[in-house]
Amino acid sequence: KTDIYLINGSTFSDSSEFCLRLCNKAFRAGHQIHIRTYAAHESEVLDRVLWERDKESFLPHKVISSTEISAAESQSPPPITISHQALSSTQPAHKDLIILLSPRAETEIERFKRTALIVPNDPEQLDLARAVYRQFKASGFDVNIHDLRR
């Protein structure tokens, strides 16, 4: 199942805040989550958001690099991992949900039970999301669009 969330805000901060809400909900439901960002600095920002935003409910997570992904996968990984790099094809996907913080980061989704794509209200990002939507549909994914821009 794939959900595309068209959010009202247009900044990475807006996307990361929405991601925090999705993570809270999925983590409380007992899901393993992998968050895929587009760039290393976005992973660092999201790491800070997950540490600092909700003081009452900690979300156990770790930013992982390509060299750490394999080690994290083979050990007991935290329920939430964050990376701007794709998992290699030889690494098992232990996660239930992948959250994509950019339409440009839509690799490896077939390895997860669910996909959530967060799309900021930006013309370039919306154009990319349209292409990703067509790709998902052509691949046979069940895609739900949630337009939160109203």
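Relevant structure appears above.
Let us look at the structure shown here. (Residues numbered from 1 in each chain as written. Predicted model: local features only at pLDDT ≥ 70, side-chain atom pairs only at ≥ 80, totals over all residues. Heavy atoms only, no water.)

Considering the packing of aromatic side chains
- For the structure on display, the rule yields two aromatic pairs.
- Look at Tyr 5 and Phe 18: their rings are 5.1 Å apart centre to centre, the planes differ by 50°, and that puts the pair in the tilted class. Of this pair, Tyr 5 sits in strand β1 (residues 2–6) while Phe 18 is found in helix α1 (residues 12–28), placing the two residues 13 residues apart along the sequence. Of the two residues examined, Tyr 5 and Phe 18, each falls in the buried class.
- On the numbers, 5.9 Å between centres and 70° between planes, the contact of Phe 136 with Phe 141 is edge-to-face.
- A residue is classified by how much of its surface remains accessible, and Phe 136, at 2% relative accessible area, is buried.
- Residue classification places Phe 141 among the partly exposed residues on the basis of a relative accessible area of 26%. (Phe/Tyr/Trp six-rings, centres within 6.5 Å; stacked < 30°, edge-to-face > 60°. Helix = DSSP H or I, 4+ residues; strand = E, 2+ residues; numbered from the N terminus. Buried < 20%, exposed > 50% of the residue type's maximum accessible area, 1.4 Å probe, protein only.)

Let's talk about the layout of surface pockets
- Considered as a void within the structure, the largest pocket measures approximately 250 Å³ in volume.
- Forming the boundary of the largest pocket are Asp 3, Tyr 5, Leu 22, Lys 25, Ala 26, Ala 29, His 31, Leu 97, Arg 114, Thr 115 and Ala 116.
- At the level of secondary structure, the elements contributing two or more residues to the lining of the largest pocket comprise β1, α1 and β6 (114–119).
- Tallied by class, residues from the lining of the largest pocket come to six nonpolar, two polar and three charged. (1 Å grid on protein atoms, 1.4 Å probe; cavity = no way out; pocket = protein on both sides within 12 Å on 5 of 7 lines; lining within 4 Å. Points joined across faces, edges and corners; volume = space filled by probe spheres on them. Nonpolar A, V, L, I, M, F, W, Y, C, P; charged D, E, K, R; others polar.)

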